[in-house]
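Here is what each chain is made of, one letter per residue.
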Amino acid sequence: MSTARSAPPSERGYRLLLRTVRFLLHVLTRRTQVGDLPAHGAVIVVGNHLSVADAFVLTAAVARHRRRIRMLGTAGLFRAPVLGPLLRAVGYVPVDRRSADPAAALAPALAALQDGQCVGLYPEGAITRHPDHWPARGKTGVVRLALDSGAPVVPLAQWGTHQFVGQEGTRWKALLSPLTRPRVDVRLGAALDLRALLGLERAADASAAQLRAGADLVMGALVAELEVLRGEPAPPHAGRAPNPDPAGQ
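S.K.: What should I look at first to understand the overall build of the protein chain in this one?
M.R.: Along its length, the protein chain carries eight helices and seven strands. Taken across its 249 residues, the protein chain has 48% of its residues classed as buried. Considering only contacts in the protein chain between residues 6 or more positions apart, those separated by 24 or more positions represent 78%. Of the roughly 12,200 Å² that the protein chain leaves accessible, carbon and sulfur atoms contribute 56%.

Here you go:
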């Protein structure tokens, strides 16, 4: 499979982003982190999506293991006059979700993995709307990437970002007082080899049912780590039910 090359992040842009993120998280939160990440080679880090602040937490968590994260972002963001060049400079990878060809949409992310990089994404595709903040059903893009690249998938559960930046930024007031710094916990789980688990080596050879089974495996591992962070069992539908419609329809 030929893939579109993904432009590497600029050194200056990435370092500026990382320093800014680390400073803001240090000032605004109390953080804990456990778990490990492969030191070298391609790896896909998947997180549960609680808040617009999640990408900052994931970036900082991966940097603790001396890895750079290449986050996937909706292609439309890259067409914005100021935001687009900034996202490219810090290494975000565009994904065109409108594409009828999943392989073409994921080509830049696959190219980054084939270069031995660390790619981050949220399998849910959107912030969870579950009333208790459990993950929604994951999409199959992560399975396609894992099969075509052979990269392991590492679940990264996070808990707490929704306490200071809500789904629509409604809790920004909590940031104004250093005395109300919320606790943000991060837990990395064991790496998943989806090629071995599914008995496949190419996404093109997978049926829709196999892709769905792989996505459920990823979300199951993510939910299991989140259960540890939260200290409570997840409901049976966590990671398997679609995100509720915000309009209630």
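S.K.: Sorry, what's going on with the sheet that holds strand 3 (residues 69–74) here?
M.R.: Across a sheet, strands are paired by hydrogen bonds formed along the backbone, either parallel or antiparallel in direction. The sheet built from seven strands is open, its strands ordered 1-7-6-2-5-3-4 with mixed pairing. Each of the sheet's edge strands pairs with one partner strand only, and the pair in question is strand 1 (30–34) and strand 4 (93–95). Averaged over all pairs of adjacent strands, the angle between strand axes in this sheet comes to 25°, irrespective of strand direction. Most of the contacts of helix 2 (residues 54–63) go to strand 3, to which it runs at about 160°, and overall it touches strand 1, strand 2 (43–47), strand 3, strand 5 (118–121), strand 6 (153–159) and strand 7 (183–188).

S.K.: So what exactly am I meant to see when it comes to the packing of aromatic side chains here?
M.R.: When we look at a pair of aromatic rings, we describe it by the centre distance and by the angle of the planes. Overall, the coordinates contain zero aromatic pairs when judged by the stated rule. We note Arg230 situated over the ring of Trp134; from NZ or CZ to the ring centre the distance is 3.9 Å.

S.K.: So what exactly am I meant to see when it comes to a nonpolar patch on the surface here?
M.R.: A contiguous nonpolar surface patch, about 270 Å² in accessible area, is contributed by Phe23, Leu24 and Val27. Assignment of secondary structure puts Leu24 in helix 1 (residues 11–28).

S.K.: Even after reading the chapter, I still don't get the side chain of Arg230, so can you show me in this structure?
M.R.: Secondary-structure assignment places Arg230 in helix 8 (residues 208–230). The buried category is assigned to Arg230, whose relative accessible area is 15%. Here Asp132 takes part through its backbone oxygen, which lies 2.9 Å from a polar atom of the side chain of Arg230. Discounting residues that sit within four places of it in the chain, Arg230 has contacts with Asp132, His133, Trp134 and Trp159.

S.K.: What's the story with the nonpolar core in this structure? I'm lost.
M.R.: In globular proteins that are soluble, nonpolar side chains generally tend to be buried together. Counting 30 residues, the largest nonpolar core has Ile44, Leu72, Val142, Val143, Leu145, Leu147 and Val153 as its most contacted members. For this core, the elements supplying multiple residues, two or more each, are strand 2, strand 4, helix 5 (107–114), strand 5, helix 6 (141–149), helix 7 (194–198) and helix 8. Top element by residues in this core is helix 6. It accounts for five residues. Among residues more than four places away in sequence, those in contact with Val153 are Ile44, Val46, Val142, Ala146, Ala190, Ala191, Leu192, Leu194 and Val218. With 20 residues, the next largest nonpolar core counts Val43, Ile69, Tyr122 and Val154 among its residues.

S.K.: How should the pattern of salt bridges be read in this particular structure?
M.R.: Side chains that carry opposite charge are capable of pairing whenever their charged atoms lie near each other. Overall, the coordinates contain six salt bridges when judged by the stated rule. Here Asp205 ties to Arg202 by a salt bridge, and the two come within 2.9 Å at their closest N and O atoms. Judged by relative accessible area, Asp205 falls into the partly exposed class, the value being 42%. Residue Arg202 is classed as partly exposed on the basis of its relative accessible area, which comes to 47%. One salt bridge in this structure joins Asp216 and Arg212, with 3.2 Å as the shortest N-O distance. One end of the pair is Asp216 and the other is Arg212, both in helix 8 and four residues apart, which spans about a single turn. By relative accessible area, which is 15% here, Asp216 ends up buried. Among the residues examined, Arg212 registers a relative accessible area of 26% and is labelled partly exposed. Put simply, Arg212, Asp216 and Arg240 are held in one network by salt bridges that share partners.

What counts, and where the lines are drawn
Residues numbered from 1 in each chain as written. Predicted model: local features only at pLDDT ≥ 70, side-chain atom pairs only at ≥ 80, totals over all residues. Heavy atoms only, no water. Helix = DSSP H or I, 4+ residues; strand = E, 2+ residues; numbered from the N terminus. Buried < 20%, exposed > 50% of the residue type's maximum accessible area, 1.4 Å probe, protein only. Contact = heavy atoms within 4.5 Å. Areas by Shrake-Rupley, 256 points an atom, 1.4 Å probe, with all protein chains shown as cover. Pairing = 2+ DSSP bridges. Axes fitted to C-alpha atoms, helices over the stretch in contact; angles between N-to-C directions. Phe/Tyr/Trp six-rings, centres within 6.5 Å; stacked < 30°, edge-to-face > 60°. Lys NZ or Arg CZ within 6 Å of the ring centre and 35° of its normal. Patch = residues over 30% accessible without salt bridge, like charges linked within 9 Å, V, L, I, M, F, W, Y side chains within 5 Å. Salt bridge = Lys/Arg side-chain N within 4 Å of Asp/Glu carboxyl O. Polar contact = N/O pair within 3.5 Å; in protein donor to acceptor, adjacent residues only side chain to side chain. Core = buried A, V, L, I, M, F, W, Y, C linked by side-chain atoms within 4.5 Å.

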